[in-house]
Amino acid sequence: MEILIGLLRLFAAIVIAFISGKLISRLKLPAILGWLIAGMILGPHALGLLNNALLEAPWFETTESLLECTVGLMIGTELIWSQMKKAGSQILITTITESLGTFFVVSLVFGVIFWITDVPIYLAFMFGGIALATAPAPSLSIVSELKTSGPVTKTLIPMAALDDLVGALVFFLVIAFVSAHISTAGVPVPIVLLLVFLPVVIGGITGFIAGKLLRHTKTAESTLTVMILMLLVSAGIGFAINSMLPVHVLNFMLIGMAYSTVFANMVTEEQLNGMMKVMNPVIGFSLIVAILNLAAPLDYHLIFGAGLYTVIYIIARAIGKYSGAYFGAAITHSPETVKKYLGFTLLPHSGVSLVFTGIAVSVLDGAAPECAAIIQGTIAAAAVINEIIAVYMAKKGFEWAGELPDGQTENRKQRKVRYDTERTAGA
């Protein structure tokens, strides 16, 4: 009975979020902004339709992780090696510069502040580790909803996968060194590396098996069946491993991304297009649930109580993301639009940041509770404020880059002429 009531609550929340998205779209804003606002209003800190009992229920966590795995299909099926190999080094370098640039800027700013205020300096590096994480779902939902197309979009999609890897690697390394510093029970670095890359290994293996099977399917129905069954197997392995960990840290979106990347490069274009034609509505549904899960825990009251640390964190992170992306795009000779506007599409943050914050707080709670309170309060407030601003700015980034469909972007023809000129000059 409890599960049935939870399902009805979730269904009602999805319908409300969908309608909110449609209403927001009429204001020329991305639907995801409506989903975010609906999630906060329906969450435990407001109306409580999506209450803590629902959000923490094992069945909901399982369902949400499976849907995250499904969202990963959107990324992986775009990572076709034959199309990516020319821009592969550009994307990799830009991902590293924007991630490490953010870590450097935020760590430096808070390092100076904490040095002056006599707060432990290691906390600055934890802020930096949390800050470099990007939540891919908001920007990817804008790509899906508005059908953006162009160099910024083509750079962002593979970066969404790589950014999660770099972000997780840096964050867990920071956590390992901090926990070793403040306690005798440090996290071994090999375990850190295993947890970061394990989702990719799981998805890669199941994707290879799926690719082999898909080469022998004869009908569209059998092709789709094999793809879905192996996706469930991928998620099932992730659930089994997560259940053995003290904290559920496996990234299911990365599992789905790695899985689909491998099989997408092993099947024909016709097979892939047929599968995605069926799966795209499912991915759209999965995105709504993922955004609701991201937004519901956010407490809108924190907007009014945000302190100076929160403001500094949001500004420092934005500077790090934008300047890091600009620098990476500049040294790899990417198109001008990528240099100028990619950084705006990388600002969404809260889903991953809240997971990282929870892990950081669990490490600090016993040894340094005052530091745990600083990091928890700052990131929680920043998550609410930043996400609303970031979604709007991500949409503007695509618009300024001239990558929205006709009729949705001011001066799009002029920007297209400029992009064509730059591309010709670069060739």
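Going by the structure above, here's the rest.
We now turn to the structure provided with this report. Just so it is clear, the structure is predicted and the values come from calculations on it, not from any experiment.

### A few points about the overall build of the protein
Reasoning step 1: Along its length, the protein carries 19 helices and zero strands.
Reasoning step 2: Put simply, the protein has 427 residues, and 54% of those count as buried.
Reasoning step 3: Of the contacts made within the protein by residues no fewer than 6 positions apart, 79% connect residues no fewer than 24 positions apart.
Reasoning step 4: Summed over all atoms, the accessible surface of the protein reaches about 19100 Å², with 69% contributed by carbon and sulfur.

### Structural notes on the side chain of Glu403
Reasoning step 1: Locating Glu403 in the fold gives a position in the loop between helix H18 (369–400) and helix H19 (412–426).
Reasoning step 2: Here Thr153 takes part through its side chain, which lies 2.7 Å from a polar atom of the side chain of Glu403.
Reasoning step 3: Ignoring anything within four residues of it in the chain, the contact list for Glu403 reads Lys147, Thr148, Ser149, Gly150, Pro151, Val152, Thr153 and Phe398.

### Some points on unusual backbone geometry
Reasoning step 1: Positioned with a positive phi, Asp118 is a non-glycine residue whose angle comes to about 65°.
Reasoning step 2: Residue placement: Asp118 occurs in the loop between helix H6 (88–117) and helix H7 (122–131).
Reasoning step 3: The backbone phi angle of His333 is positive, close to 60°, even though this residue is not glycine.
Reasoning step 4: With respect to the helices, strands and loops of the structure, His333 is situated in the loop between helix H15 (308–331) and helix H16 (336–345).

### Remarks on the packing of aromatic side chains
Reasoning step 1: For the coordinates displayed, the defined rule picks out 15 aromatic pairs.
Reasoning step 2: Measuring from ring centre to ring centre gives 5.0 Å for Tyr259 and Phe263, while their planes differ by 65°; the resulting arrangement is edge-to-face. Of the two residues, Tyr259 and Phe263 both sit in helix H12 (residues 252–264), four residues apart, roughly one turn of that helix. Accessibility assignment for this pair places Tyr259 and Phe263 in one class, buried.
Reasoning step 3: Counting every residue linked through ring pairs, the aromatic cluster contains Phe110, Phe114, Phe127, Tyr309 and Tyr313.

Rules and cut-offs
- Each residue is numbered by its place in its chain's sequence as written, counting from 1.
- At least 70 in pLDDT is required for a residue's local features to be given in this predicted model, at least 80 for side-chain atom pairs to be given and counted, and no such filter applies to totals for whole chains, interfaces and linings, which use all residues.
- Side-chain measures here rest on the full set of heavy atoms in the structure, leaving out hydrogens and waters.
- Put simply, DSSP H or I for four residues or longer makes a helix, DSSP E for two residues or longer makes a strand, and each gets a number counted from the N terminus.
- Using a 1.4 Å probe on the protein chains alone, a residue whose accessible area is under 20% of its type maximum counts as buried, one over 50% counts as exposed, and one in between counts as partly exposed.
- The contact definition used throughout considers only heavy atoms, calling two residues in contact when any of these lie within 4.5 Å.
- A 1.4 Å probe and the Shrake-Rupley method give the accessible areas. Residues count as covered only by the protein chains that appear here.
- Think of a polar contact as two N or O atoms within 3.5 Å of one another; within protein, one of them needs to be a possible hydrogen donor and the other a possible acceptor, and neighboring residues in sequence only count if both atoms come from side chains.
- Stacked, edge-to-face and tilted are the three classes for Phe, Tyr and Trp ring pairs, Trp counted by its six-membered ring, which pair at centre distances within 6.5 Å; planes under 30 degrees apart are stacked, over 60 edge-to-face, the rest tilted.

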